[in-house]
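# Per-entry structural report
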Amino acid sequence: MPEIFDLSPHYPAHDWLATAMPEKVPHAQLIVSAQGGMAWATVQAYVKRLLCLEGGCGHCPSCKQTANLTHPDVHLVFPVTASAGDGTSESSLAEFRNFLKFNKFPLVRTWIDALDASQKVVQISVKEAKRMGDLLSLKSHSGGYKVLLIWLPERLHDSAANKLLKTLEEPEPKTAIFLISHDEESVLPTIRSRCQAVYLPPWGAEHVRQWLIQERQIDPNQAKLLSALSGGEPGVALDYLENRERLVPLAENFAEWMRLAFKKDLPGLQNWVDTIGAWSREQQRDFLHFSGSLLSQLERLRHHALKHGTLEWFPDVPFNASGFSKLMSADKVLLMHQTMDDAYVDIGRNVNARLVFFDAGLRLMKAF
Ligand SMILES: [Zn+2]
């Protein structure tokens, strides 16, 4: 199978990929993309180039092992629940490989769903920090580079983050560490400052459309709509496609929230806050993330940059997206995004969820 970058020679990661050589690779890099974005696929392409004797031929055992995440010198760290085996990524390795095998553009929620853990805390634990140290002290199997891939450093437990910090400060020779983040602001500043940051933009709606048709055999009309809704991030398009039923309650609650804000319906807001306040924190954060993306779609609709009705994918959700988008202005959209971002951070900090959503609801009412 061709690498996705063969399909898009203009994707701006090519300069970065050229640094995937033993004498050029930085010790620690923070790779940032949106959820459902290009980070994993690009990092895998990078590691292939770094470990392959032919610079990433795609055919040798090293390239194949890197592609299916079984290379003995590539170690994986990702968030899990405390109750999963020994509470480290080791116990969920098979699930994680399988998870990425079918979708190299993961969302945090789809991983939490794969773990069946929406009611649990999903993080990189302090036990994992010890495991990271052990992995890096191992000898390289091939005599070349050792690679540590850490997905979601924003979910590092504080003590795990402190241990990682020491590792970043005292680099082992021939070791390359990649921290793959979808929420850079939530990564500890001390960790961020020790990494070289790489920002991966969206692939682009047109590439996503072609990819859906060619690689996923999606009907062209459906591919057009999905790519338009995706914001150019392939994993977002796949999420709409594969998890439609799962997303309906999020879309319904977004529509309800906007309706309440516009009508300045305070008793309605109180009822809505009771509903949403009973969700788990993971579900609440996911709802806010999803709402932010729907808001961006409304904004694009307002500027006629999006031809399809925003909630067209959810025909049963009563919401007049194009009518609603006409009520918005640049100032309002900015305020609404800030409100959702603040709420997202507060929920992550364990602030009382009912207070957070009530306050956010009041702020949105003032926006109209
Ligand atoms: Zn190779």
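The model shown is predicted, which means the values in this text are computed figures rather than measured ones.

## Here's the deal with the sheet that holds strand β7 (residues 196–199)
Spatial ordering of the open sheet is given by β2-β5-β6-β1-β7, a layout of five strands whose pairing is parallel. With one partner strand each, in any of the chains shown, β2 (74–77) and β7 form the two edges of the open sheet. Taking the axes of each pair of neighbouring strands and ignoring which way they run, one obtains an average angle of 20° across the sheet. Pairing geometry for strand β1 (residues 28–32) and β7, over four bridges, is parallel. Residue Ile-31 lies in a different strand from β7, and its bridge partner there is Val-198.

## Some thoughts on the coordination of the zinc ion
Coordination of the zinc ion by the protein comes from Cys-52 (SG), Cys-57 (SG), Cys-60 (SG) and Cys-63 (SG), over a distance range of 2.3 to 2.4 Å. Around the zinc ion sit four donor atoms; with metal-centred angles ranging over 102 to 116°, the donor geometry is tetrahedral. Here the donor residues for the zinc ion map to a single chain with the spacing C-x4-C-x2-C-x2-C. Within this pair, whereas Cys-52 is found in the loop between α3 (39–51) and α4 (61–67), its partner Cys-63 is found in helix α4, the two being separated by 11 residues in sequence. Note on accessibility: Cys-52 and Cys-63 belong to one class, buried.

## What about the side chain of Arg-155?
In this structure, Arg-155 sits in the loop between β5 (146–151) and α8 (158–169). Among the residues examined, Arg-155 registers a relative accessible area of 12% and is labelled buried. Apart from residues lying up to four places away in sequence, Arg-155 is in contact with Pro-79, Val-108, Ile-112, Val-122, Gln-123, Ile-124, Glu-282 and Arg-285.

## Some details on the domain arrangement of the protein chain
Each assigned domain of the protein chain is listed with its residue range as follows: domain 1 (4–199) and domain 2 (243–367). Relative to domain 2, the C-alpha centre of domain 1 lies at a distance of 32 Å. The interface of domain 1 with domain 2 comprises 11 residues on the first partner and 11 residues on the second. Carbon and sulfur atoms supply 37% of the area buried between domain 1 and domain 2, which totals about 900 Å² over both sides. The largest share of the area that domain 1 buries against domain 2 comes from Gln-35, Arg-109 and Ser-118, three residues that together contribute 50% of it. In this structure, the connection of domain 1 to domain 2 is made through three salt bridges. Among the salt bridges present, the one from Asp-113 reaches Arg-246, with a minimum N-O distance of 2.8 Å. Seen at the junction of domain 1 and domain 2, the total is four residue pairs in polar contact (both at pLDDT 80 or more). Here the side of domain 1 that touches domain 2 gets four residues from one element, more than from any other, and that element is helix α6 (residues 108–114).

About the cut-offs
Sequence order as written defines residue numbering, which begins from 1 separately in each chain. Owing to the predicted nature of the model, reporting of local features is limited to residues with pLDDT of at least 70; listing and counting of side-chain atom pairs is limited to 80 or more, with chain, interface and lining totals taken over all residues. Side-chain descriptors were evaluated using all non-hydrogen atoms of the structure, hydrogens and water having been removed beforehand. Strands are treated as partners if at least two bridges between them are detected by DSSP. Each helix is a run of DSSP H or I of at least 4 residues and each strand a run of E of at least 2, with the numbering of both proceeding from the N terminus. Inter-axis angles, ranging from 0 to 180 degrees, are taken between N-to-C directions of lines fitted to C-alpha atoms, where helices are fitted over the stretch in contact. In this description, a donor is an N, O or S atom within 2.8 Å of the metal centre, a cutoff extended to 3.2 Å for sodium, potassium and calcium. Water is not part of the atom list, which can make sites seem incomplete. Four donors are marked tetrahedral only if all angles between them lie between 85 and 135 degrees, whereas four are marked square planar and six octahedral if opposite donors are more than 155 degrees apart and the other angles lie between 65 and 115; the remainder are marked irregular. Burial status follows relative accessibility: with a 1.4 Å probe on protein chains alone, a residue under 20% of its type maximum counts as buried, one over 50% as exposed, and anything between as partly exposed. Contacts are assigned to residue pairs that have any heavy atoms within 4.5 Å of one another. All domain edges in this entry derive from an automatic or database-based domain assignment. Buried area is a sum: the accessible area each of two parts loses on coming together, probed at 1.4 Å, counted once for each and added. The salt bridge definition used is simple: a Lys or Arg side-chain nitrogen within 4 Å of an Asp or Glu carboxyl oxygen. Side-chain atoms alone can form a polar contact between residues adjacent in sequence; in general such a contact is a pair of N or O atoms within 3.5 Å, and within protein one must be able to donate a hydrogen while the other accepts it.

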